[in-house]
Amino acid sequence: MSVYWNGRVRALSPYVPGEQPKDGVFIKLNTNENPYPPSPLVLEALQKAAGEKLRLYPDPESRELREAIAAAYQVKPEQVFAGNGSDETLAFVFAAFFEAGTSAALPVLFPDITYSFYPVYAGLWRVPFRTVPVGKDFSVNPEDYLVPAGGVVLANPNAPTGMVLETAGILRIAEYQAGAGRVVAVDEAYGAFTGGAFLGAASAAPYIESHPNLLTVHTLSKMGALAGLRVGFVLGREELIEGLRRVRDSFNSYPLDRLAQAGAVAALSDAAYYGEILRRIIATRERTIASLAALGFETLPSQANFVFTRYPGKSGAELFTGLRERGILVRHFNKPGISDFLRVTIGTDDEMAGFLEACKSMLLLRGKKRQR
Ligand code: PMP
C-alpha cells in the first residue's frame, strides 16, 4: 500500500498467475502450457524476423497475421482482432463493450467457477458483475443467462473444470442478449482440445457472422505451444472488432511486436504439426483420466488440456503439498466449492507417468500414517 496509489489501484485485487519456477526440478503441470515445442516453422520465422528490421515499428494492424487467422478460421480479416495474449484482448473486451458502474449499469454475468481473471478486468474497468452459480455437477446452464444483463462472458471449455457447453446453448444466450444490445464473449482458450486442429469441435466462431453480438476469444499460448510469444485474438463482426481497435489505439497501438507477428503466422501455417500434437495431448488426457479413476480420484469430464480432479477424504491443499514435495507442480484454488480439487495440466506421457507415480506414493503414505 502506498499513499501515491490512486483510488482505482487501491481497490484492485490483481490476478495471481501460476508459479513459474526458475529451476527445472519440477514436472510443471500448473499453467496449462503445451508440453510440446512449437512448430519448427515458428522457430525459423523468429530467426528470420530477429534482424535489422527490429528498429522499425511492427505493423500496428497485424495484417499478415490477421489474414492467416482469417484463413484458418474461415472468417474475414476485418473480423479478426489480434493482441498481446488473449488476456490483453479480454481486457479490451471488458473496456469496449461493458458499461462502467453507474447505478443504471446492469451487471455482466459469468459463472461463479470460471477463469479468475474476469472479476479482475471488471475491477480494473469498474464494470459491475454478477457471478452465476454452476450446477452441482459444475455444468453451466444456459437458462441462467437469459436475463437482463450488461453482457455475458463464458469460457468454453470452462476453466478450471474443462467442461464444455454445447454451441446451441451459447447461441441461445447470444440471441437473447442481442435483443438487449449486449455482447456475449466466449473465451475459447482451450477450444482446440475439444478435437480438431486450431478451431476445435465446440467453437462458436462459425456463428460470429450470423450473431452480431457474439465474440470468440482465442490464444496461441496453449494450442500453439507459444505461451512465451503472447499472441491472442478475437473473432467477431466488423463493428465489434472496430470497438476493440478503438480501445487498443487509446492504450498501445503496437500490442504485437515483429517477432510475435512472424511467429504466429508461421504457427498458423502448420496445421499438420499442431493437429498431431493436439491429438497426442487429447489421447494422454483420456489415459490420465482413466488412470486417476483407477487410483480412486474423481475427475470432471474435461475436454481441455487439463483435468480437474479430487481425491475423496483429502483436501486439495494436502494433495497440492504432497505433490509439490514429490516434484510435481499443479494448481490449487483455495476457493469455496473447488478447494478440494487440483487442476492438473496434461503434459507428455512421461510427465503424466511421473505425476501418477507421485499420486500413488502420496496415497500410500497416507495409508501408512493411518496404520500408526
Ligand atoms: N482464458 C483462459 C480461460 C485461460 O485459462 C487463460 C490462460 N491463463 C487465458 C485466457 C489467457 O491466455 P493468454 O493470455 O496466454 O493468451
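A. Just the environment of Val75, in detail. By the element assignment, Val75 lies in the loop between α3 (63–73) and β2 (80–83). In this structure the C-alpha to C-alpha distance between Val75 and Ala201, which are 126 residues apart in sequence, comes to 16 Å. Excluding anything up to four places from it in sequence, Val75 contacts Ala70, Val80, Ile208 and Leu235.

B. View of the sheet that holds strand β10 (residues 306–310). Taken in spatial order, the three strands make up an open sheet running β9-β10-β12, and their pairing is antiparallel. Each end of this open sheet is capped by a strand with a single partner; those strands are β9 (298–299) and β12 (342–345). Relative to β12, β10 runs antiparallel, the two sharing four bridges. Bridge pairing links Phe308 to Arg343 in β12. With respect to the sheet, helix α9 (residues 271–295) is in contact with β9 and β10, its orientation differing from that of β10 by roughly 5 degrees.

C. Structural detail: the packing of helix α4 (residues 85–97) against helix α7 (residues 238–248). The interhelical angle for the contact between α4 and α7, taken along N-to-C directions, is 100 degrees, at an axis separation of 9 Å. Judged by the angle between their axes, α4 and α7 are roughly perpendicular. Each of Phe92, Val93, Ala95, Ala96 and Phe97 in α4 lies in contact with α7, whose residues at this interface are Leu240, Gly243, Leu244, Val247 and Arg248. Looking at side-chain class alone, the contact of α4 with α7 contains eight nonpolar, one polar and one charged residues.

D. Region of the structure containing the pattern of salt bridges. Here the structure, examined in full by the defined rule, presents 19 salt bridges. Where Lys76 meets Glu209, a salt bridge forms, and the shortest distance between an N and an O atom there is 3.9 Å. Of the two residues, Lys76 sits in the loop between α3 and β2 while Glu209 sits in the loop between β6 (184–187) and β7 (214–219), which places them 133 residues apart along the sequence. Judged by relative accessible area, Lys76 falls into the partly exposed class, the value being 38%. Note on Glu209: relative accessible area 39%, which makes it partly exposed. One continuous salt-bridge network, built from bridges that share partners, spans Glu61, Arg66, Glu242, Arg245, Arg248 and Asp249.

E. Expanded view of the packing of helix α2 (residues 40–49) against helix α8 (residues 258–268). It is the contact of α2 with α8, at a shortest axis distance of 8 Å, that shows an interaxial angle of 150 degrees. By the angle class used here, α2 and α8 are roughly antiparallel. Considering only the axes of α2 and α8, their crossing is right-handed. Contacts between α2 and α8 involve Leu41, Val42, Ala45, Leu46 and Ala49 from the former and Arg258, Leu259, Ala262, Gly263, Ala266 and Ala267 from the latter. Residue composition of the contact of α2 with α8, by class: nine nonpolar, one polar and one charged.

F. Representation of a nonpolar patch on the surface in the model. A contiguous nonpolar patch, built from Met1, Trp5 and Val9 and spanning about 340 Å² of accessible area, is present on the exposed surface. Inspection of the secondary structure assignment puts Met1 in the segment before α1 (7–11). Looking at Met1, the relative accessible area reads 77%, which means it is exposed.

G. Here's a closer look at the site of the ligand. Surrounding the ligand, one finds Gly85, Ser86, Asp87, Tyr115, Asp187, Ala189, Tyr190, Thr219, Ser221, Lys222 and Arg230. Between an oxygen atom of the ligand and a main-chain N or O atom of Asp87, the distance comes to 3.0 Å. At 2.6 Å from an oxygen atom of the ligand is found a side-chain nitrogen or oxygen belonging to Ser221. Notes on the ligand: free accessible area 400 Å², of which the protein chains cover 91%. Sorting elements by how many residues they give to the shell around the ligand places α4 first, with three residues. Among the residues making up the shell around the ligand, the classes are represented as three nonpolar, four polar and four charged.

H. Focus on the domain arrangement of the protein. Partitioning the protein into structural domains gives domain 1 (7–37 + 272–371) and domain 2 (40–270). On a C-alpha basis, the centroid separation for the pair domain 1 and domain 2 is 25 Å. The partner domain 2 presents 37 residues to the 33 residues of domain 1 that form the contact. In this assembly, domain 1 packs against domain 2 so that about 2700 Å² is buried in total across both faces, 66% of it on carbon and sulfur atoms.

Conventions used here
- Residues numbered from 1 in each chain as written.
- Predicted model: local features only at pLDDT ≥ 70, side-chain atom pairs only at ≥ 80, totals over all residues.
- Heavy atoms only, no water.
- Helix = DSSP H or I, 4+ residues; strand = E, 2+ residues; numbered from the N terminus.
- Contact = heavy atoms within 4.5 Å.
- Pairing = 2+ DSSP bridges.
- Axes fitted to C-alpha atoms, helices over the stretch in contact; angles between N-to-C directions.
- Parallel < 35°, antiparallel > 145°, perpendicular 65-115°, else oblique.
- Nonpolar A, V, L, I, M, F, W, Y, C, P; charged D, E, K, R; others polar.
- Salt bridge = Lys/Arg side-chain N within 4 Å of Asp/Glu carboxyl O.
- Buried < 20%, exposed > 50% of the residue type's maximum accessible area, 1.4 Å probe, protein only.
- Left-handed = near helix turned anticlockwise from the far one by under 90°.
- Patch = residues over 30% accessible without salt bridge, like charges linked within 9 Å, V, L, I, M, F, W, Y side chains within 5 Å.
- Areas by Shrake-Rupley, 256 points an atom, 1.4 Å probe, with all protein chains shown as cover.
- Near = heavy atom within 4 Å.
- Polar contact = N/O pair within 3.5 Å; in protein donor to acceptor, adjacent residues only side chain to side chain.
- Domains from an automatic or database assignment.
- Buried area = accessible area lost by both parts, 1.4 Å probe.

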